[in-house]
There are 2 protein chains.
Amino acid sequence: MSTRNGDSETLLRQPFLSSQRSVVNSTSQVAIVGANVCPIESLDYEIFENEFFKQDWRSRGKAQIFQYIFMKWLLCFLIGMIVSLVGFCNNLAVENLAGIKFVVTSNMMLERRFLLAFFIFFFSNLGLTLFASLITALIAPTATGSGIPEVKAYLNGVDAPGIFTVPTLFVKIIGSITAVSSSLLIGKAGPMVHTGACVAALVGQGGSKRYRLTWKWLQFFKNDRDRRDLITCGSAAGIAAAFRAPVGGVLFALEEMASWWRSALLWRAFFTAAIVAILLRAMIDLCLSGKCGLFGKGGLIMFDAYSASISYHLVDVPPVFILGVIGGILGSLFNLMLSKVLRIYNYINEKGTIFKILLACLISICTSCLLFGLPWFTSCRPCPPDPTEPCPTIGRSGIYKKFQCDPNEYNDLASLIFNTNDDAIRNLFSKNTDDEFQLRSMFIFFITCFFLSIFSYGVVAPAGLFVPVIVTGASYGRVVGMLVRKNSNLSHGLYAVLGAASFLGGSMRTTVSLCVIILELTNNLLLLPLIMMVLLISKTVADAFNANIYDIIMKAKGLPYLETHAEPYMRQLTVGDVVTGPLQTFNGIEKVRNIVFILKSTGHNGFPVIDEPPISEASVLFGIILRDHLLTLLKKKAFLSSPATGCDVFNKFSADDFAKKGSSKRLKIEEIQLSEEEMDMFIDLHPFTNTSPYTVVETMSLAKAVTLFRELGLRHLLVIPKISGRSPVVGILTRHDFMPEHILGLHPFLARNTGRLRFFSSLV
Amino acid sequence: MSTRNGDSETLLRQPFLSSQRSVVNSTSQVAIVGANVCPIESLDYEIFENEFFKQDWRSRGKAQIFQYIFMKWLLCFLIGMIVSLVGFCNNLAVENLAGIKFVVTSNMMLERRFLLAFFIFFFSNLGLTLFASLITALIAPTATGSGIPEVKAYLNGVDAPGIFTVPTLFVKIIGSITAVSSSLLIGKAGPMVHTGACVAALVGQGGSKRYRLTWKWLQFFKNDRDRRDLITCGSAAGIAAAFRAPVGGVLFALEEMASWWRSALLWRAFFTAAIVAILLRAMIDLCLSGKCGLFGKGGLIMFDAYSASISYHLVDVPPVFILGVIGGILGSLFNLMLSKVLRIYNYINEKGTIFKILLACLISICTSCLLFGLPWFTSCRPCPPDPTEPCPTIGRSGIYKKFQCDPNEYNDLASLIFNTNDDAIRNLFSKNTDDEFQLRSMFIFFITCFFLSIFSYGVVAPAGLFVPVIVTGASYGRVVGMLVRKNSNLSHGLYAVLGAASFLGGSMRTTVSLCVIILELTNNLLLLPLIMMVLLISKTVADAFNANIYDIIMKAKGLPYLETHAEPYMRQLTVGDVVTGPLQTFNGIEKVRNIVFILKSTGHNGFPVIDEPPISEASVLFGIILRDHLLTLLKKKAFLSSPATGCDVFNKFSADDFAKKGSSKRLKIEEIQLSEEEMDMFIDLHPFTNTSPYTVVETMSLAKAVTLFRELGLRHLLVIPKISGRSPVVGILTRHDFMPEHILGLHPFLARNTGRLRFFSSLV
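Counting of residues starts from 1 at the beginning of each chain's written sequence and follows it residue by residue. By the order in which they are written, chains take letters starting at A while ligands take numbers starting at 1. With the structure being a predicted model, the display of local features is reserved for residues of pLDDT at least 70 and the display and counting of side-chain atom pairs for 80 or more, all residues being used for whole-chain, interface and lining totals. Side-chain measures here rest on the full set of heavy atoms in the structure, leaving out hydrogens and waters.

By the naming in an unreviewed UniProt entry, chain A goes by Chloride channel protein and is assigned to Psophocarpus tetragonolobus. UniProt positions are given in the numbering used here, feature names are shortened, and annotations may be inferred rather than shown by experiment. The record in UniProt for chain A states the following under Sequence similarities (unreviewed entry): "Belongs to the chloride channel (TC 2.A.49) family."

*Asks:* What should I look at first to understand the pattern of salt bridges in this one?
*Replies:* Oppositely charged side chains can pair when the atoms bearing their charge come close. Salt-bridge detection follows one rule: a side-chain nitrogen of Lys or Arg within 4 Å of a carboxyl oxygen of Asp or Glu. Counted under the stated rule, the structure contains 24 salt bridges over all chains. For Glu111(B), the salt bridge identified is with Arg113(B), shortest N-O distance 3.3 Å. The cut-offs for exposure are 20% and 50% of the maximum accessible area for each residue type, with area from a 1.4 Å probe on protein chains only; residues under the lower value are buried, those over the upper are exposed, and the others partly exposed. Arg113(B) gets classed as partly exposed once you look at its relative accessible area, which sits at 43%. Measuring nitrogen to oxygen at the nearest pair gives 2.4 Å for the salt bridge that ties Lys557(B) to Glu150(B). Highlighted residues: Lys557(B) in the loop between α21 (549-556) and α22 (575-578) and Glu150(B) in helix α6 (residues 148-156), separated in sequence by 407 residues. Lys557(B) gets classed as partly exposed once you look at its relative accessible area, which sits at 43%. Among the ionic contacts, a cluster of salt bridges with common partners joins Lys72(A), Asp226(A) and Asp229(A). Helix and strand definitions follow DSSP, with helices as H or I runs of at least four residues and strands as E runs of at least two, each counted in order from the N terminus.

*Asks:* Explain the sheet that holds strand β9 (residues 717-720) of chain A to me, please; I cannot follow it from the model alone.
*Replies:* Hydrogen bonds between backbone groups are what pair the strands of a sheet, and the pairing can be parallel or antiparallel. All names here are of chain A. Strand pairing is defined by DSSP finding a minimum of two bridges between the two strands. In space, the three strands of this open sheet follow the order β8-β9-β10, with mixed pairing throughout. Pairing within the sheet leaves two strands with one partner each, and these edge strands are β8 (695-697) and β10 (731-733). The sheet shows a mean angle of 35° between the axes of neighbouring strands, taken without regard to direction. Looking at chain direction, β8 and β9 are connected through three bridges and run parallel. Bridge pairing in β9 places Val696 opposite Val719. Axis lines are fitted to C-alpha atoms, over the contacting stretch for helices. Their N-to-C directions set the angle, which ranges from 0 to 180 degrees.

*Asks:* Explain the side chain of Asp412(A) to me, please; I cannot follow it from the model alone.
*Replies:* Residue and element names in this part refer to chain A. Mapped onto the elements, Asp412 comes out in helix α14 (residues 412-417). The buried charged residue Asp412 lacks any salt bridge, with Arg381 as its nearest oppositely charged partner at 4.9 Å. In the analysis that follows, any N or O atom pair within 3.5 Å is treated as a polar contact, provided that within protein one partner can donate a hydrogen and the other can accept it, and provided that, for residues neighboring in sequence, both atoms belong to side chains. Among the polar contacts made by the side chain of Asp412, one reaches the main-chain amide nitrogen of Gln438 at a distance of 2.8 Å. Engagement of the side chain of Asp412 in a polar contact is seen with the side chain of Ser441, the distance being 2.9 Å. In this structure, Asp412 is in contact with Thr378, Arg381, Glu436, Phe437, Gln438 and Ser441, ignoring residues within four places of it in sequence. As used throughout, the charge tally considers Lys and Arg to be positive and Asp and Glu to be negative, leaving His and the chain termini uncounted. Contacts are assigned to residue pairs that have any heavy atoms within 4.5 Å of one another.

Pasting the structure below:
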C-alpha cells in the first residue's frame, strides 16, 4: 500500500488529467461563486478529520455531547462487565474440564490401573486439543496465538484484517478454554487480552453488521480515536480479569500495548479495570458457597502465598542479583528459540489446514506422554511426619500428589507436572515447602516447562505466554533457591516468585506493569524492592541480546510496527530522500472517471487535493481526501453535470456515511457500478476534504518527521516543497515509508551502520 | 516574551535591514563557494537541536555513547540515593523534633502543670515556624509551598526562575523539617517532590556553578530533554521517599507531573524509585535497633493497619458510594476555599517580608491554641476493660492519650489532634477501634483539620498538601462510618482509608497513582476495588465543580501551562489568525549590529534565518536560531570582516559552548561589550541554525497546531504561507500564543462560548 504509483500508471493517467484541467479552467468563475454561496458552517467539516473527532463533538449540541460522554462511560462499563463475565466463565470452565479429567485419572491411578489412566489422560487431551485446533483453523485462524502482538499493532495504527470479529471472539474464548484444559503448556492471559480488545471493538462499533447485532446509537464511536481508546480499555480489562490484577492490567495496557497515551485514557482504563475487579469479586463470592463445581477459591489466579511478613537483608542481594542475570539470559534465549520454532511452524502451517491440525495433535501427544511419563523417573518420598495438609492429597489440589507411590508416600514431580498450571504455580509459590521438593524433580520440571512452552505456543489454537513463562520462571527460581540454600535466608517459595519475575522480565521486558501484576498475584507489597530489582536486572541483561517477545512475534508476522525511537540513520536523511515516484493528486473539482481510474489502479488511502488557477490565484494545496470518503461519494453518486461547486450535494450525506466502518465491512471500488454518462460527470471534493493536513517541508530531517508521525498518530503526512514555484506538494508519506526496509532499500549504503546500537538505544 | 515586535521597532529596524541586504548581495558568489568547501560533517550540527539530543549522541563514538548511558543511569542512582537519604533524615528530624516537644509537653501535663505545658507547646511551635518562615522568606522565597505546581509547569516547558537552585533545595529541606515539626497542618510529601526534582536538576547540571560544585563530565546532560527526564525521575523518587510508595511515586510522576511520557522514562523512573525503596528499607533496618532516638518503625508513613483479611459485600456499596460523592464535593470545596485564601494571602504577602512572617506566626499561634484548646471541650472516656494496648498511653504514640484526664481515662480528641500528623493518620486508620472515638470528637477534628489545612498551606514555608488532605479525609471517613454504623459491616478504620481516598480524589484528581499510593500506605491489596470505586466517584463529582488543586495553584501563580486538550474555540481559528505583528528574522549572514539591536530590543528566544537571493535561488527559510546561541556567538566574537561564510569559525566552538546553562547562569546581551568596529562585522549564522524546524501552513487549524506543539514539546513553531511568493515565513508561534488569554484577546467574540464545556471536556 505505498502511496505513490509507478511510471507506467502516470503515463496512462496523463490524458485524463489534461482533459480535465481544461474543463475546470473554462468554468472557474462559476466554481468560485458557488463556493462563496454555500452554507459551509452548516456542514460539519471536521467529521472527516478522524484524528480530531474529539474536537468535533465539542461543536455539537449539549444533548449530543452528554449522549456521547454517557455512552463512552457506559461502553467502558459494558466492556468491563462482559470481560469479567468471560474471564469468570473461562476459569470456571477450565477448572471443571481439567478438574474432571484429573479426578478421573487420579481415581484410576489410586486403583493402580495405570494404563487405563494414561489412555483417559491421553485421549481427553488429544480430543480437547483437536477440537480447539479444528475450530481455530476452520472458523477463525486469526484467533491463533495470544493476540497481544496483533492488538499492540492495532493500537500502533496497523489494522490487521479480521482480528476483531465475532468468529474470532467466539473461537478465542472456546478455543482457549479447551486448549488450556487439554494440559498444553499455554496460558489464558494473552487470549484474555485479545478477548477484551475484541469485546471492546465489537461493543464500540455496535456489534457486528453481518450478524445483525448493531445498535444505531453508537454512531459516535465509529472513528479511529474512540475505537483505539476502547480497545486499550479492553486490553486492560483482559489482564485485570486474567490475573485479578486491575492496576497491573491498566499499567500493562499503557506500558506494553498503547502507542499513544493520554491522562484521560488512564482514567478510563482504570474505570474499566475497577469494574472487572468488583464484578469478579462478586462472582467469586457467589462461588464460595460451592455451587461452581470444581471451581473453588483458587480458580482465578491469585497466589496469596505470602500474606505473612517476610524479612530480607543485604546478604540476600547477591543471590537475587545472580537470579536476575541468569533470568535475563534465559528469557532472551527463550525469545530466540521461540522465534526459531515459530519460523519452522510457519513453514509447516503454510502447507495446509491438515498440517496445522496434525502439528497441534503431535504437540498434544508429546505433552501427554511427558506429563504422564516423567513422574515415574523420580523417587517417591515419604510424607513428612507433621504435614500442614493431608498427605497424600487425593481429589484436590495440593503438593502431596500420590501418583504411582505407595500410601504415605508422595511424588513431588507429579504434584507439579501432573496438574493444572495454576495449581503448579500455587505449589511453587507456597511458603514453608523448602523440603517438599527435590532438586532433581525441580530441575526436570524446569527443563520440561522451558521446552514445552516454546513448542506449544505456535500451535493453531488460542495460546498465551504469561502462564508458561511464570511456571518456567518459578521452577527456575526454585532451582536457584535450592542451589544457594545455605547462603540465603529467603524461602524457596520466594525464590520461585523472584524467578518468575526474572523470567517475565527477560522475556516480556516490561517493568512497572509486571512488577504490579506480580505484587497483585502474590498479594504482598513487602516483596516490592526485591521484585523491582530482579525485573530491572533481567530486563537490562536480556535487552543486550534481542527484542521483547511481542516485538519478535510482530516482526515475524510482518506487521509494520512504528517504533518510538527514530533509527540513527534517519538523521542523515531528509524527508525528500524517502519520497519516491510521482504523486497522485486530485483537483478540487474532479472528473468521476479520473477518480475511478486512480482508485482502481492504486491501493492508496489518501490523496492530496489541489486547487489550480483560476479557482485559486496559484496552484494551492487544499487538503487531503481519504479513499473511504471517495468511495462513499461514488456510491452515493453525488455527481455534478458540470465542474461547478454545488450546494445541494451536502444534503445527500449524513455524518454516519463517513463514519469508520467495522473491519469486516469495507467498500470496494469494484463493487461500485457507474454508467458511461456518470463517468463523465464531476465531483466537488472541497466539502469532503480534510483542509488541515499535517505538513513537513521536504528538507525536514527524517528523524524529526518520524517523531511527528509517531507522536501524533498520523496516517498521512504531506511533504511540501522548500522553494515555492513547483507543485504545492511533492509527496505523501505513510507508515510504510518510515519502515527500515523501505528506507534501506532506497539508501542501501546506510544499512551497514544499523543495528550496532540496538542495545544502547534500548537503554536510553 | 512574545515573539513579535511592535510597529515602532520594525520601523527602526528597516535601515539596518536594507543596508545589510545590499552587502550580502554583492558577495553572494563567495558565500556559496565557501559553503561548499566547509567540512560540515566535522561539526556536530545537531547539538543545537535540543529536542533531538537523543539522536545526537547516536552519531557519536561508541565510547561517548557508553559514557552517556552509564552516566544517565548513574545519575538516576545518585538521585535515588540522595533523595532516600534526604527523606530518611527528614523523617528522622521531624520525629525527633516533634517527638521531644510532645514528650516534654506530655510530661508537664502528667504533672498537671497545664499552663507551663501550653507555653512550652506554644513557644516551641512559634519558634519553629518563625525559623522556617524566616529562612524561606529571606533565603529562597521559591521554596514556599509544595513546589509540585512549579515542577509540573517545568515539565510542561515553563522554566520559572530559581526553582532548582542550591538555596531553594537547602531551604526546602530545612524549612520543611521545622515547619512540619511546628505542628502546622502541612505535609512533607509535596516538599519531598520538589526536593527530588531539585536534586535531580542540580545533579544533572553537575551541581551549581556559583557554589563551585560542578562536574565537568556532565556536559551531555545540559539539554532540556535530559534534564526533564531526570527531574521526572526525581519527582518519582520524592513521592517514593515520602510515602515509601515506589510504584505510587512512579505513577504520580507520570500521571500528574509529566507532560511528555515515554516508555524509557517509565523504566528510568522505576529504577530511581526502586533505589529509594531499597535504601530506605536498609536505613530503617538500621534504626530498628533503636539508635535513631524517637524515630521508630512508624517514622516513614506506612500504615499497615489492614494486614488482616477483610471482607465486604454488595450491601456495603451504597454507603461507600455516598462517601465518594460527598468526598468529591468536599474536595472541590477545599480547592475553591484554598484558592480564595491564597488570593488573600498573596495580597498580604505582597506588602513585604515582615507581613509574610507575621502571617506565618499568626497561623502558628492559632494552630497551637486550637490543638491545645479543643481537647478540653470533649469529655474524658474511661479506658476500655480489655484494651489491646496500655491505657492511657504515656510517652509514645497510641490512641489512649491522657491529656487532662484522670488516670484510667483517656481523651480521644487529644490522641488525634495533640499528636503528629503521621500518628493521627495511624490512629484513624487502625482497625478494631470502632468504639474508641466519639462522633463529636471526630467531627470537631474533621472541621479543625479542614480549615487548618486551608489556612496553613499559603504561609511562607515549604508546605505540602498530601498529609493534610489525608488527615482531613480520614476523619471525614470516620464520621461517615459512625453515621452509617448500623447499615454497614465495614470497620471505621476502613472508612477512614476510604474517606482519605475520596478527599484526595476530590482535591488532587489523579486516580491510578493515588490508588496505588493508598494501597502501598495501607499495605493491603484487598482494598483495591473499594478504593478504585471511591476515587472514580469523587473525581467525577469534583470535576463538575472546578479544576484540580495543582492547576488552580499554577493558574494563581500565572504559570503558562499548556493543557492537553485544545480548547473548543481553537477549531474555529487557523494558525494565521493568532500570528500577530511583523516578524523579526535574520539573514543567513547577518551584520553584528543588527543582531545586537534586535536582541536588545526584544525578548524573543527564537529567530527564523532566511536566505535571500542570490545566496539561494529564491527567498528561502534556512532554519531557526536561538537567542542563547546568538549570545554565545557574540560573546565568542566569531565575526567575519566581510559577509562570506568562513570555515575557521567552527574551530572556535565546542559543543559545551552551546549546552543549556543552569537556570541561575544565563548570558545577557547587556553583558556583552562590542567595539564599533566589531559592530560592523558579520556573522555566518548557517552552522548554528537548526535547519529542521517544525512548520505549519498558515491555514492549519489552531487546534491541530496546538496538539502538534504540545505533543512534540516544542518551543517555537514556524508558520509558513499557504501561497508562495511572499516571505517564506509569516510568523513564529510560542507557548504564549496558545494561551487562552492571548487568543481571546485577539478574538473577543469567541470568549462567550468558552467555559461551558469544562466539565464535559474533563470527562472525555
